[in-house]
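Spelled out, the chains give:
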Amino acid sequence: MSDWIDITALDAIPQRGARLVKTAHGCVAVFRTGADEVYALDNACPHKNGPLAEGIVHGAAVTCPLHNWVISLETGEVQGNDEGQVATYPAKVEDGRVLLDASFLTRRAVA
Amino acid sequence: MTQNLIIIGAGMATGRALEHLLDADADYNVTLFNAEPRGNYNRIMLSPVLAGDKTYEEIVTHDADWYAANGVTCRFGERIAAIDRAAKTVTAENGDVLPYDKLMFGTGSNPFMIPLPGHDLEGVIAYRDLEDTQRMMDLGPDHQCVVIGGGLLGLEAAAGMAARGVDVTVVHIMGHLMERQLDEAAGYLLRKALVDKGITVKCSANSKEILGQDGHVRALLLDDGTELPCDLLVMAVGIRPNVALAQEAGLAVGKGIHVDDQMVTSDADILAVGECVEHDGAIFGLVAPLYDQAKVAAATLMKEPAQFVQKELSTKLKVTGCDLFSAGDFAEGDDREDIVFRDPARGVYRRLVIENNVIVGAVMYGDTADSNWFFGLIRDKTDIADMRDTLIFGPAYQGGSAADPLLAVAALPRDAEICGCNGICKGQIEDAIAAGATDLAAIKATTKASASCGTCTGLVEQVLAVTLGDDFVIPAAASICGCTDMTHEDVRRMIKSQELKSMPAVWQACGWKTSCGCHVCRPALNFYLLADWPLEYTDDPQSRFINERKHANIQKDGTFSVVPRMWGGITTPNELRAIADAADKFAVPTVKVTGGQRIDLLGVKGEDLPAIWKDLNDAGMVSGHAYSKGLRTVKTCVGTDHCRFGTQDSTGLGIKLEKTLWGSWTPHKLKLAVSGCPRNCAEATCKDIGVICVDSGYQISIGGAAGMDVRETDLIAQVPTEAEVIDIIKAITQSYRENAKYLDRIYKWMGKVGLDWIREQTVDDLDNRAALVARFEVSQSIYRADPWAQHATQKAESYQPVANLSMEAAE
Ligand code: SRM
Ligand SMILES: Cc1cc2nc3c(=O)[nH]c(=O)nc-3n(C[C@H](O)[C@H](O)[C@H](O)COP(=O)(O)OP(=O)(O)OC[C@H]3O[C@@H](n4cnc5c(N)ncnc54)[C@H](O)[C@@H]3O)c2cc1C
Ligand code: SF4
Ligand code: FES
């Protein structure tokens, strides 16, 4: 059963940008692509915890601001020659609002 | 049995036919008659001879030794007076009668002389042969000459004489020059270039009478009453095929001597080639088709099958500094469309006329490097639908296989200009390579090609590759990133020339392979767009590295550093107090004096940025842009205010410079320093731009580095006043913005374009300096503003989390 939480207006996130959602277990970055898809990922790069929300978003990927690792927003997987995985969470847009699945909070608590 | 071949006229067409025959060891006894007292020479090169760029000896194609070696009987200076076709003999002027088996006409054409009153005065000449050329060359400086006719020939005559110091006026009956080859716009540019050479050009001018004195020309009278005094009058208004002899011999003649596809006249034993022929209703005035005819005629004489086919023709004007090209048909029509490109600043004009997705005509002025490629498209009737959007920019902008740049370069003629700055043609580069210059540096040293602005470097390398084959490996022209195959330079050219003013426009026009670029290309494009279109383009924060997006330096733990500006390194107790208060209030873990003469607050949380900026703003401070590819610091020393050695107010000048330049975005960071004397306490000689004050004024030097590379600056100018220092530095900054590749510091840029070029643009050429300063100011009208203030007041919210769920129960 999913339990969608209304996070914010889509317009609050710049296209090809991200905003943070604070949780008890650290920040989640909510990304908006140039095509208006949204993705939620942990705001920590598998390399050295770089804040992904501050990266440059291109296509459905983000480049970490610290050392330019590229991470897929769809899978959380690190692209190219580097290796690593970022946790991803269900997110969607409905009527111009961004929704996250509340179960992600549980999952984060467990993780 | 060896047959007798008699050739009438040793012109360009018969010369070529002879070569084909002799190369193939054809079994003929050749006798060559020529009315001119000499053998075959390259008539079209009379213009460079006139201009003094070549000598007659250099344009001779076949000399006496050649004729002797090939057993050709030469009768130069002798005209053929009559032909008896029934007897198959010709009669020379001196009465000799010679039998022929085959006869070849190559009598060329006669210049047309308008039968104006006075046209037979002494000093009225045409422009056709060496004698005419010599007459013009004999004129000497300080004489006056009128040229009637603003076509190819007339203009080459005019330019050649002008180059010799003759005062030349061109009188042209039509509204613009070369109206048969050029449209009005190109005609206008051409006229401007000729006027710049000191030639007077009169269009829409009707000649009425040639006035004389003692049998010699004195002036040309126009029908509006204007009198144009002259010592020589050249008529270059057209040519008529020279058919008199053929007509008398009873051959079929229309405008020219009728020939079939094998170049045979109405008499099976008589052939004709060159300007004297008429083929399928057409007559000819350029050498390209004549060479084709020569080849066919030679084959016919050897009883080999061959067929002359008329092809598209193109024209170039051989006047130094007037690069123009014209081909095909460019009349307007309902089913025709134009693609036009103009770059008034560079004097470049291109127009393509398209009909049913095929180019039917092209006119180019100013930049004709791609003309051969366009000509190929016209000739081959290539369907251009797929490349329509970028067609006008030439082969470099065509994706896919059509765009093998090496093929395009290989196809260029020897006279194709490669280096626009130094006017170096492909042929000169090939010669330099043959003489042992086998890499770019050697080509630069020997020919100067690519030694100035450097934009032709790629082309020069391609010429090297084409000429040397596998021996030369082109240093890969690195594309910006994986999203495109284009280089920074190419993309920048597109942005400027196609007026691309948004990122999607660039992606579209340049065929980006990704939907929206990547972290490598987007910052570069964002910079190019805002540097080239400061008023039209809106900066895109999402295409900037986080430091420039949040106007602070990101740290390894995700916090930020805050560096307020301290103009020229000068601060006040109040500013220091405000910094101290801010450090306390926001629990800043580290306060450090930077290497740039100011204070860094390190470890500030992202959420706190707008608030700490607000406090610093309230104390009168603004962003120090310690994060930007833009103006960083202007370091100063204490100068005349305090120092016993100071020669000028270095601190004051540093502050003025910083206040002028701050906020400007540049390809990479830009650091300045002003030292009060050559002791150089501000370390000015390792900055991007440094100023050393001396008694007589200021030494400006550029291209220093003290980071990953260490390099001393090079002196670019010494000037007496602060105002000039500021102007020159603005101009250098603007030129750097407009021309450098993204992420090249000034020293790297300078390595490509050369100090001399930068000096020419920003110091020597005062008009250009002023224009650069003006463009810099236009851009600064937008960017000389504090981003902190803007973000603190209008964007503070965006620095906060968008939602706080830390209170939600985690079941
Ligand atoms: C704060 C400071 C060091 C200090 O504590 O003094 C500093 C700090 C950084 N420098 Fe620097 N540079 C600082 C003066 C210099 C100087 C000295 C100077 O400006 O007189 C140089 C040598 C001069 C030069 O620029 O050539 C210098 C050469 C570099 C370079 C090498 C640049 C190069 O072209 O070789 C980099 C790397 C880069 O820019 O790509 C760099 C990059 C950096 C970055 C921005 C690294 C980064 O990308 O995160 C550092 C940010 C630290 C932070 O978290 O705030 N920093 N850096 C200085 C700030 C000056 C200021 O007030 O704005
Ligand atoms: C200054 C100048 C610049 C030019 N520039 C260009 C250019 O850039 N590009 C281009 O394509 N074309 C150019 N042309 C045109 C080109 O030179 C001619 O198209 C070409 O020379 C014609 O070759 P042809 O063999 O038909 O005639 P010609 O080269 O004119 O040769 C004909 C010869 O026949 C001789 N002759 C005539 N009658 C007799 C007779 N009865 N007996 C014996 N001999 C006789 C003449 O004396 C002459 O030497 C230029 C022409 C001139 C004058
Ligand atoms: S030298 Fe500059 S870039 Fe390197 S650690 Fe120090 S501050 Fe950072
Ligand atoms: S922390 Fe993300 S690339 Fe290093």
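The structure reproduced in this document is the subject of the present report. Small disclaimer: the values here were computed from a predicted structure and weren't measured.

Thoughts on the packing of aromatic side chains
Residues and elements named next belong to chain B.
Okay, step 1: Scanning the model with the defined rule gives 12 aromatic pairs over all chains in all.
Okay, step 2: Aromatic side chains Trp 66 and Tyr 67 sit 5.5 Å apart centroid to centroid with 80 degrees between the ring planes, which places their arrangement in the edge-to-face category.
Okay, step 3: Here a set of aromatic residues connected by ring pairs shows up, and it is made of Trp 66, Tyr 67 and Phe 76.
Okay, step 4: Residue placement shows Arg 544 over the ring face of Trp 665; its charged tip is 3.6 Å from the ring centre.

As for the nonpolar core
Residues and elements named next belong to chain B.
Okay, step 1: Formed by 50 residues in total, the largest nonpolar core has its most connected members in Ile 83, Leu 103 and Phe 105.
Okay, step 2: For this core, the leading source of residues is helix 9 (residues 287-301), giving six residues.
Okay, step 3: Residue contacts for Ile 83: discarding those within four places in its chain leaves Ile 8, Thr 89, Val 90, Tyr 100, Leu 103, Phe 105, Leu 245 and Ala 249.
Okay, step 4: With 49 residues, the next largest nonpolar core counts Ile 359, Phe 374, Ala 509 and Leu 525 among its residues.

What about the sheet that holds strand 6 (residues 61-63) of chain A?
Sheets are built from strands paired through backbone hydrogen bonds, the pairs being either parallel or antiparallel.
All names here are of chain A.
Okay, step 1: Strand order in this open sheet of three strands is 5-6-7, and the pairing throughout is antiparallel. Whereas interior strands pair on both sides, the edge strands pair on one side only; in this sheet they are strand 5 (56-58) and strand 7 (70-72). Neighbour-to-neighbour, the strand axes of the sheet open up by a mean angle of 25 degrees, direction not taken into account.

Digging into the interface of chain B and chain A
Okay, step 1: Listed as interface residues are 33 residues of chain B and, on the opposing side, 30 residues of chain A.
Okay, step 2: Between chain B and chain A, a total of about 2500 Å² is buried, with carbon and sulfur atoms accounting for 60% of that surface.
Okay, step 3: Of all residues in chain B, B:His519, B:Val802 and B:Leu805 give up the largest surface area on contact with chain A, accounting jointly for 27% of the area buried on that side.
Okay, step 4: A salt bridge links B:Glu607 to A:Lys22, with the shortest nitrogen-to-oxygen separation between them at 3.5 Å.
Okay, step 5: At the boundary of chain B and chain A, one finds 13 residue pairs in polar contact (both at pLDDT 80 or more).
Okay, step 6: Only helix 18 (521-532), helix 19 (546-550) and strand 39 (803-804) of chain B provide two or more residues apiece to the side of chain B that touches chain A.
Okay, step 7: Broken down by element, the side of chain B that touches chain A gets its largest block of residues, three residues, from helix 19 of chain B.

The rules we used
Residues numbered from 1 in each chain as written. Chains lettered and ligands numbered in written order. Predicted model: local features only at pLDDT ≥ 70, side-chain atom pairs only at ≥ 80, totals over all residues. Heavy atoms only, no water. Phe/Tyr/Trp six-rings, centres within 6.5 Å; stacked < 30°, edge-to-face > 60°. Lys NZ or Arg CZ within 6 Å of the ring centre and 35° of its normal. Core = buried A, V, L, I, M, F, W, Y, C linked by side-chain atoms within 4.5 Å. Buried < 20%, exposed > 50% of the residue type's maximum accessible area, 1.4 Å probe, protein only. Helix = DSSP H or I, 4+ residues; strand = E, 2+ residues; numbered from the N terminus. Contact = heavy atoms within 4.5 Å. Pairing = 2+ DSSP bridges. Axes fitted to C-alpha atoms, helices over the stretch in contact; angles between N-to-C directions. Buried area = accessible area lost by both parts, 1.4 Å probe. Salt bridge = Lys/Arg side-chain N within 4 Å of Asp/Glu carboxyl O. Polar contact = N/O pair within 3.5 Å; in protein donor to acceptor, adjacent residues only side chain to side chain.

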